[in-house]
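The chain contents come next:
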Amino acid sequence: MSEMMEQADQAKEAAGENRKIALLIAVIALCLALSETLGKGAQTESISKNVEASNLWAFFQAKSIRRNVVQTAAEQGKLGLGTAGDDAAKAALQKQIDDWQKTAERYRSDPKTGEGQDQLSERAKHAEEERDLAEAKYHHYELASAAFQIGIVLASATIITGIIALAWISGLLALAGIAMTALGIFMPHLLHLA
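Residues numbered from 1 in each chain as written. Predicted model: local features only at pLDDT ≥ 70, side-chain atom pairs only at ≥ 80, totals over all residues. Heavy atoms only, no water.

Peer 1: Explain the pattern of salt bridges here, please?
Peer 2: Side-chain pairing between opposite charges can occur once the charged atoms of the two side chains come close. The final tally for this structure, using the stated rule, is eight salt bridges. Between Glu52 and Lys49 there is a salt bridge, and its shortest N-O distance comes to 3.1 Å. Of this pair, Glu52 and Lys49 both sit in helix 1 (residues 2–81), three residues apart, roughly one helical turn. On the basis of relative accessible area, Glu52 is assigned to the partly exposed category, the value being 32%. Put simply, Lys78 and Glu75 hold a salt bridge, and the shortest N to O gap is 3.6 Å. Linking Lys78 with Glu75, this pair stays in helix 1, spanning three residues, or about one helical turn. Classification of Lys78 by relative accessible area gives partly exposed; the value is 38%. (Salt bridge = Lys/Arg side-chain N within 4 Å of Asp/Glu carboxyl O. Helix = DSSP H or I, 4+ residues; strand = E, 2+ residues; numbered from the N terminus. Buried < 20%, exposed > 50% of the residue type's maximum accessible area, 1.4 Å probe, protein only.)

Here it is, written out as structure tokens:
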């Protein structure tokens, strides 16, 4: 009878340990869900900002081509000034040259619309910086997710094997995952600088 009581006590103790491990797994799974959600958001942001930067650089190139064409037309017009017959023709050609030069300057810098080459370049660089920031965050969240996933596996193995050291390692991995998530949120470039 005392042997049965002892086995019942051991079963109760094991069930208590298993509940603790199950709670550990649940907490790690919650952390995993959060890091995965943050990672997906950062990945989407990175892709979005990459597309935005590419579009802005394409627009910049289009403005460069237009500017070169207009500048070439102005230069050709200047060459034609000497061969223009009367003063009215020279004045008309000079007016056209001036218009082309103003247009070329507007293509280079247009603060009013923000679509000059100078403004497009700044906007594209800003989008690239935002892309790089989102990418840095994403890498941290991915590392955190890996730590959480391994932690869940080790905690699950604790239940099967009864080796409590696996639960401790699992807890340490969960802490490492939380640290990586925090770095992704607050200091995403820290590890990239090291």
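Peer 1: Explain the environment of Gln61 here, please?
Peer 2: For Gln61, the position within the fold is in helix 1. Residue Gln61 is classed as partly exposed on the basis of its relative accessible area, which comes to 45%. Sequence spacing of Gln61 and Ala42 is 19 residues, and the spatial spacing of their C-alpha atoms is 28 Å.

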